[in-house]
Amino acid sequence: MLSSRYGWLMSARGSREIPLRFDDGFRAGIALLLTCPVPVAFAIPVLLSDHFGQAELRLLFALMCAMFSGFFLVYLLWSHHLFVRTDHGELVEIAGTQQLRGPSRLSRMLGVARTNDWVILSAASALIVSISAVVIGGDGGGIWLAFLVLVTTACAWATLVYAYAFRYFRLHASGDHIEFEIDDEPRFIDFVSMAVMVSSVGALSAGSPRTRAGLGAVRSHTVVAFAFNALVVAMIVSLVGGFITAP
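The rules behind each value
Residues numbered from 1 in each chain as written. Predicted model: local features only at pLDDT ≥ 70, side-chain atom pairs only at ≥ 80, totals over all residues. Heavy atoms only, no water. Salt bridge = Lys/Arg side-chain N within 4 Å of Asp/Glu carboxyl O. Helix = DSSP H or I, 4+ residues; strand = E, 2+ residues; numbered from the N terminus. Buried < 20%, exposed > 50% of the residue type's maximum accessible area, 1.4 Å probe, protein only. Patch = residues over 30% accessible without salt bridge, like charges linked within 9 Å, V, L, I, M, F, W, Y side chains within 5 Å. Areas by Shrake-Rupley, 256 points an atom, 1.4 Å probe, with all protein chains shown as cover. Phe/Tyr/Trp six-rings, centres within 6.5 Å; stacked < 30°, edge-to-face > 60°. pLDDT = per-residue confidence, 0-100. Axes fitted to C-alpha atoms, helices over the stretch in contact; angles between N-to-C directions. Parallel < 35°, antiparallel > 145°, perpendicular 65-115°, else oblique. Left-handed = near helix turned anticlockwise from the far one by under 90°. Contact = heavy atoms within 4.5 Å. Nonpolar A, V, L, I, M, F, W, Y, C, P; charged D, E, K, R; others polar.

Peer 1: Could you clarify how one ought to interpret the pattern of salt bridges in this entry?
Peer 2: Side-chain pairs of opposite charge can arise where the charged atoms are in close proximity. Here the structure, examined in full by the defined rule, presents three salt bridges. We note a salt bridge from Asp-24 to Arg-27, for which the minimum N-O separation is 2.7 Å. In this pair, Asp-24 and Arg-27 both sit in helix H2 (residues 24–35), three residues apart, roughly one turn of the helix. Judged on exposure class, the residue Asp-24 and its partner Arg-27 are both buried. Its salt-bridge partner being Glu-179, residue Arg-210 comes within 3.1 Å of it at the nearest N-O pair. Taken together, the residues Arg-210 in the loop between strand E2 (207–209) and helix H10 (212–245) and Glu-179 in strand E1 (residues 178–180) connect sequence positions 31 residues apart. On the basis of relative accessible area, Arg-210 is assigned to the exposed category, the value being 53%. Accessibility expressed as a relative area gives 42% for Glu-179, which makes it partly exposed.

Have a look at this one:
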């Protein structure tokens, strides 16, 4: 049974060449190269300036938010376009092979090899931005500080959603089936919808895992989403409210 279930994938594991653009580490690396150099280039002269006051501090904060948000957006938009536009049959074969092979060396080097790595990156980015905003304070700039914090947090939350969408899709493609109440074969966008629902309302979702691996993924996602929403998002909303209402 195991042989029939994974036969073609086990064969593909040794022979299937996955296009580089489907590697999470490759897309993350390109997103990093596209979005980080400009903010860093602007930040260096500010840090080396003889005069460093509140205005310079706020500029650095804006550059940091631009770097985080830009990285997440480039990665997410590229990933969504790639996985939605690719032929479904080819995409399933690639995703199943990726699940069996595990993360690439590049993904491990960049620290984005596992779903938990993306969770940590997303939560850490949102927390760093919110704590920095508190340090800077909202005097004379509460509205735009709140806007930057909200945009960065939204991008981080969306990144968490897609990290689990990839995990669900790859589990399903490798044989750990997740069933949807539709007659058609589920596609990647359906797993995105499932991840959005779990991240928003907990375990209630459009997809039902049929294996222990799938159930474990939903369970961990539920816990992570609850922690992110209850701690990170709630704290940031409170901070944003304080910035907006500050005199």
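Read on, since the account is not over.
Peer 1: Just checking my understanding: could you explain a nonpolar patch on the surface for this structure?
Peer 2: Where nonpolar side chains cluster on the molecular surface, the patch consists of Val-40, Ile-44, Leu-47, Leu-48 and Phe-52 and spans about 490 Å² of accessible area. The residue Leu-48 is located in the loop between helix H3 (37–47) and helix H4 (54–85) in this model.

Peer 1: How should I be thinking about the packing of aromatic side chains in this particular structure?
Peer 2: Two aromatic rings, taken as a pair, are described by how far apart their centres are and by the angle between their planes. Per the counting criterion, the structure on display carries 14 aromatic pairs. Ring centres 6.4 Å apart and planes at 10° place the aromatic pair Phe-71 and Trp-118 in the stacked group. Here Phe-71 is found in helix H4, whereas its partner Trp-118 is found in helix H7 (residues 115–136), with 47 residues between them in sequence. Considered together, Phe-71 and Trp-118 belong to a single accessibility category, that of buried residues. Every member of this aromatic cluster is reached through a ring pair, and the members are Phe-22, Phe-83, Tyr-162, Phe-166, Phe-169, Phe-180, Phe-188 and Phe-191.

Peer 1: Before we go on, may I ask you to explain the confidence of the model for the protein in this structure?
Peer 2: Fine structural detail should not be taken from predicted coordinates in areas where pLDDT scores are low. Per-residue confidence for the protein gives a mean pLDDT of 85, with 87% of residues at or over 70. Of all the helices and strands in the protein, helix H1 (residues 2–15) carries the lowest mean pLDDT, 47, while H2 carries the highest, 96.

Peer 1: Got a minute to help me understand the packing of H3 against H4 in this structure?
Peer 2: Remark: H3 packs on H4, axes separated minimally by 10 Å, with the N-to-C direction vectors making an angle of 160°. Put simply, H3 runs roughly antiparallel to H4. Along this stretch, H3 crosses H4, giving a crossing that reads as left-handed. Contact residues: H3 offers Pro-39, Val-40, Phe-42, Ala-43, Val-46 and Leu-47, while H4 offers Glu-56, Leu-59, Leu-60, Leu-63 and Met-67. Of the residues in the contact of H3 with H4, the class split is ten nonpolar, no polar and one charged.

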